[in-house]
Amino acid sequence: MDSMLAVAAGVSFAVAVYLLLSPSLTRVLCGAACLGNAAGLALFALARPVPPGDGARLADPLAVTLIFVAIPLAIAMLGVLAALARRAQEAGEDGCDDDGGQARQRSGAGTTGQRHRGTGRAGTP
Amino acid sequence: MIETAPFAVARAPVDGWLAVWPLATALLAAGLLTVLRERTRLHLGLAMLSGAAIVTANGVLVLNVLAQGPVVMASGGWLPPLGSVMFADMTGALVACSASLAVLAVLPFARTEIAPEAMRKGFYPLVFLLLAGAQGVLATGDLLTLYVWLEVMVIAALGLRLVLGGITRNGPGLAVAGVLGSALLLLGIGASQAMTGTLGLAGLAEGFSRATPGAVVAVAGLFGLGLALKTLLFIPAFTLPAAIAALWAGVLAPVGIYAAIRLFALLPADQRVTLAPGLTVLATVAMVAGPLLALVQTDIRRALVLLVVGAGGAVLGGTALGSVRGMGGAVIHLAQLGMVFCALLLVAGLIERMNGTRDMRQMGGLYGADIYVSVMVLVLLAAGAGLPPFPGFWALLLLAEGGLREEAFGLVAPMLASALLTLVVLARIWARTVWRNGPEGARSEQPNGRLTRLSRAETGLTLGPVLVLTGIIALIGFFPDPLFSAAGIAGFDLRPPALAIDLVSPGSS
């Protein structure tokens, strides 16, 4: 179980870093969301089970508290990031539209994707 | 002092509440101002009132810590490792006092600079949230809440950025660096919890002394990298309005450096020795590169921000020394640099406003135009350079003495060079903006046609608070005895094993 968690955390970190390095702001946002989850998984993998060595292994309450506190903070940060990204796109200085196809496929993100594409195309032919 | 410090939660509860007052007041003010965000006319008065209340609370806290030692409050009587403890020792209280004074000076200044629309969107509430985050970091007794308040501070700062508008492509990019930094910090906190089984500072310090040295160095690396990435967030601070740059220098930078000192103070003596060379290299680079880069700037604010980097390097250098004098000097240097550079950045904003440009080459003739601003610039430049009557001098004296006693000449030499370079940079700013008549080049002897005078209302709202802040800085410098005893207490408390940490630990007595 622990190794599974560690692998999951590692994969999430890899995905998060890959997405964060993308020039498209929408992907960067996804990467930031992924990073928060990766950190949570890693924390859970790091935590020692209590009582140690017992057959029935319980999660360490402190570690779980830490994760529970980190989740809302990550969401708050993501909200601020999303607002910043939106403003940057509105300013027309984004200049990248390589996420246009993916954004349009999702119904929820449709309007943002369209808008993004519109401003992006103007910048980069 | 260390013998007369039994377990402090048993002390009168009124004492303990002192540690929470500034934070509670800041949160209350933020909430109240958010509710009244449409009534912009009420904002300044309410904000000044709350700011004054926070400064008073911090002042009382400092006096209390000076008289009786660290103030501790365990909420609900729950003790570590499960409970969360608020505590304020000399280091936290001094930095809190300086940060809240800086905010108090920025509040009226911002009124003349920030657009009314940004005010309606909640400029003042965000400033108070920022201060609340700072107060939380400065008064926390465990790593988890330290992280939480640090995030609150950073999110509030990003909120200010949003409210002000004019966001470029760099805005989100640097915020992503901050997100990466917080993930690393979180991992470091999780790793230390896994190593020691607690998040309280007391238990951590004890646990680290038993842990494998390599693991502790790895955790320290995570913390260092996380904090460094978070500081990247504020690189564009100098392109924003002067009030924001002043908030950066007065609140964000000192609190970030404070967090680094606090984390370093958790380490036992032998591991401090392991990490000290790395910290020394970092400090030396900051001390030399900051002022050197400041020397070639044509933008006053950019030069000042780089000088803050240099001064921060001196603080880290004192921390790396690890002795009472080094640590104490570092703490008072940190406390005074927040106030001094906040005032300097505000005055720089005034100079830019009067000249109508941000380019120092186009400036000049301030001495003839406005004697009050000119004198203020002169006084503040002396304070920033750490000339004798000002607290910066006493801090540098302690740092240099501590370094010489430890025979750390490799640290003292760049520290003195950095102080000299800072003086050169500031004198250059004085010569270019105030002393010479007109802009650079052939017309430098002719009066500067661009200069506009400040209106009477502007003068009151901008120069008044800077004058008060400068007066407080000078007053502290004229009576160095309490400053030295505060430095002694702070330095003593940060030695391994730290006194404040003993107080929070239930096991020790």
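Some details on the overall build of chain B
Piece 1. The number of helices and strands found in chain B is 21 helices and two strands.
Piece 2. Relative to its length of 509 residues, chain B is compact, with a C-alpha radius of gyration of 22 Å against a globular reference of 23 Å.
Piece 3. Per-residue burial over chain B gives 62% buried out of 509 residues.
Piece 4. A fraction of 81% describes how many contacts in chain B between residues 6 or more apart in sequence connect residues 24 or more apart.
Piece 5. Accessible surface computed for chain B: about 18200 Å², of which carbon and sulfur atoms make up 69%.
Piece 6. Looking at charge distribution, chain B has the averaged site of its 28 positive side-chain charges lying 12 Å from that of its 23 negative ones.

So, the state of the cysteines
Piece 1. Across all of its chains, the model carries zero disulfides over all chains by this definition.
Piece 2. Looking at the unpaired C30 of chain A, the closest cysteine sulfur is the one in C34 of chain A, lying at 8.7 Å.

What about the interface of chain A and chain B?
Piece 1. Between chain A and chain B, the residue contacts involve 33 residues of the former and 32 residues of the latter.
Piece 2. Carbon and sulfur atoms make up 80% of the area that chain A and chain B hide from each other, which totals about 3000 Å².
Piece 3. Of all residues in chain A, the largest losses of buried area upon contact with chain B belong to L62, M77 and L84 of chain A, amounting jointly to 22% of the total for that side.
Piece 4. Our count for the contact surface shared by chain A and chain B stands at zero salt bridges.

What to know about the nonpolar core
Residue and element names in this part refer to chain B.
Piece 1. Counting 210 residues, the largest nonpolar core has F123, Y124, L143, L304 and F341 as the members making the most contacts within it.
Piece 2. Element by element, the count of residues in this core is highest for helix α14 (residues 324-355), at 20 residues.
Piece 3. In this view, L143 contacts I189, S192, L199, L201, L204, F223 and L263; residues no more than four positions away in its chain are not counted.

Brief notes about the environment of G364 of chain B
All names here are of chain B.
Piece 1. One can find G364 in the loop between α14 and α15 (366-369).
Piece 2. Between the C-alpha atoms of G364 and P447, which are 83 residues apart in sequence, the distance is 7.9 Å.
Piece 3. Apart from the residues lying within four places of it in its own chain, the contact partners of G364 are N355, R432, T433, R436, N437, G438, N448 and L451.

Notes on a nonpolar patch on the surface
All names here are of chain B.
Piece 1. On the surface, a cluster of nonpolar side chains totalling about 570 Å² of accessible area is made up of Y367, I371, Y372, V375 and W435.
Piece 2. Looking at which element gives the most residues to the nonpolar patch, the answer is helix α16 (residues 371-385), with three residues.
Piece 3. When you line up the elements, Y367 lands in helix α15.

Comments concerning the pattern of salt bridges
All names here are of chain B.
Piece 1. For the structure shown, the criterion picks out 10 salt bridges over all chains.
Piece 2. Of the charged contacts, one joins E117 and K121 as a salt bridge, the two residues approaching to 3.4 Å between their closest N and O atoms.
Piece 3. Residue classification places E117 among the partly exposed positions, given a relative accessible area of 46%.
Piece 4. Put simply, E401 and R405 hold a salt bridge, and the shortest N to O gap is 3.1 Å. Placement of the pair is E401 and R405 together in helix α17 (residues 391-405), with a separation of four residues, close to one helical turn.
Piece 5. One network of salt bridges, in which partners are shared, links D299, R301, E352 and R358.

Overview of the environment of V217 of chain B
All names here are of chain B.
Piece 1. The topology assignment puts V217 in helix α10 (residues 213-232).
Piece 2. Looking at V217, the relative accessible area reads 34%, which means it is partly exposed.
Piece 3. The spatial distance from the C-alpha of V217 to the C-alpha of N58 is 34 Å, given a sequence separation of 159 residues.
Piece 4. The residues contacting V217, other than those within four sequence positions of it, are T274 and L275.

Focus on the packing of helix α4 (residues 90-113) of chain B against helix α20 (residues 480-494) of chain B
Residues and elements named next belong to chain B.
Piece 1. Orientation of α4 relative to α20, taken along the N-to-C sense of each, is 130 degrees, at an axis distance of 8 Å. Here α4 is positioned oblique relative to α20, judged by the angle of their axes. Residue-level inspection shows M90, T91 and L94 of α4 in contact with α20, the latter providing A486, I489, A490, D493 and L494.
Piece 2. Residues that form the contact of α4 with α20 fall into these classes: six nonpolar, one polar and one charged.

Description of the packing of aromatic side chains
Residue and element names in this part refer to chain B.
Piece 1. Inspection of the entire model under this criterion finds six aromatic pairs over all chains.
Piece 2. With centroids separated by 6.1 Å and ring planes inclined at 80 degrees, the aromatic side chains of Y367 and W430 adopt a geometry described as edge-to-face. Residue Y367 is found in helix α15, and its partner W430 is found in helix α18 (residues 409-435); the two are separated by 63 residues along the sequence.
Piece 3. By the ring-pair criterion, three or more aromatic residues cluster together here, those being Y367, W430 and W435.
Piece 4. In this structure, R353 is placed above the aromatic ring of F109, and the distance from its NZ or CZ to the ring centre is 5.3 Å.

Comments concerning unusual backbone geometry
A negative phi holds for most residues other than glycine; trans holds for most peptide bonds.
Residue and element names in this part refer to chain B.
Piece 1. In the Ramachandran plot, E407 falls in the positive-phi region, its phi being about 60 degrees despite a non-glycine side chain.
Piece 2. Mapped onto the secondary structure, E407 falls in the loop between α17 and α18.
Piece 3. The exposure class of E407 is exposed, given its relative accessible area of 59%.

A look at the side chain of Q336 of chain B
Piece 1. Here Q336 of chain B shows up in helix α14.
Piece 2. With residues up to four places along the chain from it excluded, the contact list for Q336 of chain B reads A383, P391 and G392 of chain B.

Overview of the confidence of the model for chain A
Piece 1. Looking at chain A as a whole, its pLDDT mean stands at 72, while 64% of the residues score no less than 70.
Piece 2. In this model residues 93-125 of chain A is a low-confidence stretch, pLDDT under 50, and it forms 34 contacts with partners more than four residues away in sequence or in other chains.

Rules behind the numbers
- Numbers given to residues run from 1 along each chain, matching the order in which its sequence is written.
- All chains are assigned letters beginning at A, and all ligands numbers beginning at 1, according to the order in which they are written.
- In view of the model being predicted, local features appear only for residues whose pLDDT reaches at least 70, and side-chain atom pairs are presented and counted only at 80 or more, with totals across whole chains, interfaces and linings using the full set of residues.
- Based on all heavy atoms of the structure, the side-chain values leave hydrogens and waters out of the count.
- A helix here means a DSSP run of H or I that spans at least four residues, while a strand means a run of E at least two residues long, and both kinds are numbered starting from the N terminus.
- When we talk radius of gyration, it's over C-alpha atoms, and the globule rule is simply 2.2 Å times the number of residues to the 0.38.
- Under the scheme applied here, a residue whose accessible area is under 20% of the maximum for its type counts as buried, over 50% as exposed, and between as partly exposed, the area being computed with a 1.4 Å probe on protein chains only.
- The contact rule is simple, with two residues in contact once any of their heavy atoms fall within 4.5 Å.
- The accessible surface values rely on the Shrake-Rupley method and a 1.4 Å probe; as for residues, cover is taken only from the protein chains in view.
- Here Asp and Glu are counted as negative and Lys and Arg as positive; His is not counted, and neither are the chain ends.
- By convention, the point assigned to a charge is CZ for Arg, NZ for Lys, CD for Glu and CG for Asp.
- For the purposes of this analysis, a disulfide is any pair of cysteine sulfur atoms at a distance within 2.5 Å.
- Defined in terms of a 1.4 Å probe, buried area is the accessible area two parts forfeit on being brought together, summed over both.
- A side-chain nitrogen of Lys or Arg and a carboxyl oxygen of Asp or Glu constitute a salt bridge if their distance falls within 4 Å.
- Joining through side-chain atoms within 4.5 Å is the link that ties buried Ala, Val, Leu, Ile, Met, Phe, Trp, Tyr and Cys residues into a set, and such a set is a nonpolar core.
- The patches described consist of residues with a relative accessible area above 30% and no salt bridge, like charges being joined within 9 Å and nonpolar side chains (Val, Leu, Ile, Met, Phe, Trp, Tyr) within 5 Å.
- Axis angles are defined between N-to-C directions and span 0 to 180 degrees, where every axis is a line fitted to C-alpha atoms and, for a helix, only to the segment in contact.
- Any angle that falls under 35 degrees is termed roughly parallel, while one over 145 is termed roughly antiparallel, one within 65 to 115 roughly perpendicular, and all others oblique.
- For this classification, the nonpolar set comprises Ala, Val, Leu, Ile, Met, Phe, Trp, Tyr, Cys and Pro, the charged set comprises Asp, Glu, Lys and Arg, and every other residue, Gly included, is treated as polar.
- Ring pairs are drawn from Phe, Tyr and Trp, using the six-membered ring of Trp, whenever the two centres fall within 6.5 Å, and their geometry is named by plane angle: stacked under 30 degrees, edge-to-face over 60, tilted for the rest.
- A ring has a charge above it when a Lys NZ or an Arg CZ is no more than 6 Å from the ring centre and no more than 35 degrees off the ring normal.
- Every residue gets a pLDDT, meaning the predictor's confidence in that residue, from 0 to 100.

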